[in-house]
Amino acid sequence: MYRISRPSLVILLVMAIGLALYPFVGESYYIRLMTKIMALGIFAMSLDLLIGFTGLISLGHAAFFGVASYVVAWYIVKAGVTNALFMLPTAVAVSGLCALVIGWLSIRTSGIYFIMITLAFAQMLHAFFKDQSYWGGTDGFNFYTKPNLAIGDTVLLDLGNKVTLYYVTFALMVATFVFLAVLLHSPFGRAIQGVKVNEGRMRAMGYNVRNLKLMSFVIAGMLAGVAGFIEATRTAYVNPEMMSWHASGNVMVMVILGGMGTLYGPILGALALTLLGDNISSLWDHWLLIMGAFVIAVVMFLPEGIAGLIEGVTQKFGKKPPPKEETEP
Amino acid sequence: MSDIILETQNLSRHFGALMAVDDVTLQFERSLVYAVLGPNGAGKTTLINLLSGEIMPSGGSIRFKDQDITNLPANAVSQLGIGRSFQKTNIFPNFTCFENCRLAAQSRMKGSFSFFKPALSYRQINQQAERALEMCGLSMRCHTLAQAMSYGEQRQLEIGMMLATGPELLLLDEPLAGMGADESLKVIELLRRLAKEHTLILIEHDMDAVFAVADRLAVMVNGRLLETGTVAEVRASKAVQEAYLGAEDEH
């Protein structure tokens, strides 16, 4: 059962305060980079709902992220609408709809077949956007106006402003975390965690396992859509590679690196992977080698990811470690 | 025929050329205890799997309380009030005992799930889970992780989880398998108590237990139903003595 230990909750709060204050001290470049990291954090958390809590290993999660980005681009380039009040709900709804269709077909399979079929669907979407000149083809779209949040003619939030976007992203990330934490304690959340541990028994006890998986898949797809909306807004650029299997693999590495089934771990995974890439990519042409070695090292020495390390350390130094038998992992 | 709770008509299931269950026609009367006997490989577990919807039959039909359940999946069968326990312990090892039973009880939640209300705030479901833990004798182990318990206790939990769904008809696949003598006695006592309000169909190799609780016996050999009847009738049956004891001799 999902449960955050008190020490890690304290660490999370400190991190949240740090993030809230960062724009006062951070350079412009890093404010943008942190916005990217937080968007990827939402993306990775949404995948953690599938991998870490439902036991669905999706290798096509970038499809939903990418589709939402294209919704943003479509609104601005094709429809001339810049109001996020329309954009965000549509982006999330379209991602959710795609997840419903892909999920409905995919969850009939399991194990390696599920991995392959989600991958195949994402590649199909990737190919679709790449081939259609209406959707910008290989180049995608560059757009010069950025979304804003307006009611009537009054602009409430200009998302073109990097500090504003930073805080909007921060708020969405915290909201996503709280939403998922609450969800995991609800009857639905308990049920999907049961599905992950023992699907057969869940069925024998009367649960419609397929429905549970589908609901989880759609929720995860919608949250990936939120992340896609932010990323498109941040870069004002979309292209088909956002939903390629590289992107899906990348977010999976973030989840594994950060710690599956910990919810906050994937945010740390996004942070570690992005910062590392940002720092070493300019040093050496073959920086991906270092990246690969780093990922292998973490997986070998920290099988439970960065969050697992934190949990381990806090438990060791915690004043009253609860007796092992009584705790839920 | 309202006192027949479950019946099978020419029920068959083959795996390739193997007839695991071959043309079995059986009737189960309400509130009796049935024991399905037979040597290993006789098709007992396959029969239970067919009745619980775990696997689909190759032929024949199953009726539960005047409803055809032949092609219903396991979750739908469970929702109708047929509970089952497994021969191989089939629990949620990294959940507490209570959560194992609570999750079972939660499957009976009316209407759709809530996404935001904490699962632990549903008092009726908690009570149902606690009652199930009490019945299977694990109240003391409420907050223990299932994997931290002894094998026998896990077997008890297996039964507790089935009870938490509030079934009318219980399918028990070797409830005593691998249990110590003390634990066995406790479970036999539990089966007796359950027999007062439920219909039981159990597979069991422990003959003392079978004779202690069963009202009717059904003997299977090579997927076929050899004999059914009261304990005395089956004991007296020549066919059973030959087939069953003959099979034993081969060991």
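The rules behind the values
Residues numbered from 1 in each chain as written. Chains lettered and ligands numbered in written order. Predicted model: local features only at pLDDT ≥ 70, side-chain atom pairs only at ≥ 80, totals over all residues. Heavy atoms only, no water. Pairing = 2+ DSSP bridges. Helix = DSSP H or I, 4+ residues; strand = E, 2+ residues; numbered from the N terminus. Contact = heavy atoms within 4.5 Å. Axes fitted to C-alpha atoms, helices over the stretch in contact; angles between N-to-C directions. Phe/Tyr/Trp six-rings, centres within 6.5 Å; stacked < 30°, edge-to-face > 60°. Buried < 20%, exposed > 50% of the residue type's maximum accessible area, 1.4 Å probe, protein only. Lys NZ or Arg CZ within 6 Å of the ring centre and 35° of its normal. Polar contact = N/O pair within 3.5 Å; in protein donor to acceptor, adjacent residues only side chain to side chain.

## Focus on the sheet that holds strand 2 (residues 18-29) of chain B
Residues and elements named next belong to chain B. Spatial strand order, 2-1-4-5: 4 strands in an open sheet with antiparallel pairing. Single-partner strands in this sheet number two, and they are strand 2 and strand 5 (67-68). Pairing between strand 1 (residues 4-15) and strand 2: 8 bridges, direction antiparallel. Residue pairing across strands places arginine 13 opposite valine 21, the latter belonging to strand 2. Here helix 1 (residues 44-51) sits on the sheet and contacts strand 1, strand 2 and strand 4 (59-64); the angle it forms with strand 1, its principal contact strand, is near 120°.

## A look at the packing of aromatic side chains
Two aromatic rings, taken as a pair, are described by how far apart their centres are and by the angle between their planes. Summed over all chains, the structure comprises 17 aromatic pairs over all chains. On the numbers, 5.2 Å between centres and 75° between planes, the contact of Phe129(A) with Trp135(A) is edge-to-face. Assigned by exposure class, Phe129(A) and Trp135(A) land together as buried. Following the ring pairs from residue to residue traces out a cluster consisting of Tyr70(A), Phe128(A), Phe129(A), Tyr134(A), Trp135(A) and Phe141(A). Positioned over the ring face of Tyr134(A) is Lys78(A), at 4.1 Å from the centre of the ring. Lying over the aromatic face of Phe211(B), Arg235(B) brings its terminal NZ or CZ to 4.0 Å of the ring centre.

## Thoughts on the environment of Asn161(A)
Residue and element names in this part refer to chain A. Its location among the elements puts asparagine 161 in the loop between strand 3 (154-158) and helix 6 (162-185). Asparagine 161 sits 73 residues away from arginine 234 along the chain, and the two C-alpha atoms are 9.3 Å apart. Within polar-contact distance, the side chain of asparagine 161 engages the backbone nitrogen of threonine 164 at 3.1 Å.

## Topic: the sheet that holds strand 8 (residues 199-203) of chain B
All names here are of chain B. Reading across the sheet, the 6 strands line up as 6-7-8-3-9-10 and stay open at both edges, with mixed pairing between neighbours. Of all strands in the sheet, those bounded by a partner on one side alone are strand 6 (82-85) and strand 10 (224-230). Across the sheet, the axes of successive neighbouring strands diverge by a mean angle of 15°, strand direction being ignored. In this structure, strand 7 (residues 169-173) lies alongside strand 8, joined through 5 bridges in parallel fashion. Opposite leucine 169, over in strand 8, you have threonine 199 as the bridge partner. Sheet contacts for helix 5 (residues 151-164): strand 6 and strand 7; angle to strand 7, the most-contacted strand, approximately 160°. Helix 6 (residues 181-195) rests against strand 3 (33-37), strand 7 and strand 8 of the sheet, and its axis sits at about 145° to strand 8.

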